[in-house]
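# Structure assessment
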Amino acid sequence: MTDQKIERVAVVAAAANHAIGKDGWMPWELPEDLKRFKALTLGKPMIMGRVTFEAIGRPLPKRITIVVTRDTGWSFDHENVRVCHDVESAVKLADEIAKADGVNEVIIAGGAQIYHLALPYTTRFELTEVHADIDGDTFLDPLPTDQWTESAREKIKNPDGPDYSFVTLDRVAG
Ligand SMILES: NC(=O)c1ccc[n+]([C@@H]2O[C@H](COP(=O)([O-])OP(=O)(O)OC[C@H]3O[C@@H](n4cnc5c(N)ncnc54)[C@H](OP(=O)(O)O)[C@@H]3O)[C@@H](O)[C@H]2O)c1
């Protein structure tokens, strides 16, 4: 297991104008996206910013959450929660947990600050493109098309709001 290659997968839903959040939560309800998030992340270590973690309020079941905060006094008493004070350490710890647990992916679970800081380590995006401009206060960095190549796309019709697409983007080698 020591030579196992670990993929660092950012899972994120973003509007056409790159909005991903508003008032500490997501500015939409996309049930299929929540199901996909669960399917993509179960059993894998997740790296999450302190703001997103506290908005959820608890670790999601069957996943170890590594919370990133500058606050050395911050703690959360739960067997599935770890704390790191920089993203590099969080990625290293997530890789170790993945190897120990026999999985080959770690999840970058946001929010915007963590997607940004983890970008140099990210090897794949599982992006949900929401096909509308959405009023938000938190935004994903644009992903340059020369650095990311699309390997899968599935469109979801949404009778209750904007349609959306599940898109896989792999980092261009080199
Ligand atoms: N659409 C999506 O898929 C999606 C996914 C996740 C989140 N979101 C949304 O994104 C929003 C939250 O994102 P956000 O960017 O405001 O917050 P965030 O990335 O969840 O967390 C930010 C926190 O990370 C810590 N941090 C940042 N830089 C650091 C560094 N260099 N070293 C150590 N710790 C560092 C700080 O914690 P301390 O302040 O404790 O030091 C900072 O306040 C919410 O609206 C949420 O709903 C959307």
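Above this note sits the structure.
A brief structural summary.

For the largest pocket, the calculated volume is near 1200 Å³. Of all elements in the fold, only β1 (7–15), β2 (19–21), α1 (31–41), β3 (46–49), α2 (50–56) and α4 (112–118) reach the threshold of two or more residues within the lining of the largest pocket. A total of 6 residues in the lining of the largest pocket trace back to one element, the largest contributor, which is α1. Among the residues forming the lining of the largest pocket, the class breakdown is 23 nonpolar, 11 polar and 9 charged. By volume, the second largest pocket is sized at about 260 Å³. Lining the second largest pocket are 19 residues, with His18, Leu127, Glu129, Leu143 and Leu169 sitting closest to its centre. Taken together, the elements giving at least two residues each to the lining of the second largest pocket come down to β1, β7 (124–130), β9 (148–156) and β10 (164–171). Ranked by residue count, the leading element in the lining of the second largest pocket is β9, at 4 residues. Residues that form the lining of the second largest pocket fall into these classes: 12 nonpolar, 3 polar and 4 charged.

By the definition in use, this model includes 1 cavity of 30 Å³ or more. Taken as a whole, the largest cavity spans an internal volume of roughly 30 Å³. Lining the largest cavity we find Ala112, Tyr115, His116, Leu119, Phe125, Leu140, Asp141 and Leu143. Here the lining of the largest cavity gets 3 residues from one element, more than from any other, and that element is α4. The residue makeup of the lining of the largest cavity, split by class, is 6 nonpolar, 1 polar and 1 charged.

Here we come to the environment of Ala152. Among the structural elements, Ala152 can be located in strand β9. C-alpha of Ala152 to C-alpha of Trp74: the two residues are 78 residues apart in sequence and 39 Å apart in space. Sequence-distant contacts of Ala152, that is, excluding residues within four places in its chain, are made with Phe166, Val167 and Thr168.

Cut-offs and rules
- Residues numbered from 1 in each chain as written.
- Predicted model: local features only at pLDDT ≥ 70, side-chain atom pairs only at ≥ 80, totals over all residues.
- Heavy atoms only, no water.
- 1 Å grid on protein atoms, 1.4 Å probe; cavity = no way out; pocket = protein on both sides within 12 Å on 5 of 7 lines; lining within 4 Å.
- Points joined across faces, edges and corners; volume = space filled by probe spheres on them.
- Helix = DSSP H or I, 4+ residues; strand = E, 2+ residues; numbered from the N terminus.
- Nonpolar A, V, L, I, M, F, W, Y, C, P; charged D, E, K, R; others polar.
- Contact = heavy atoms within 4.5 Å.

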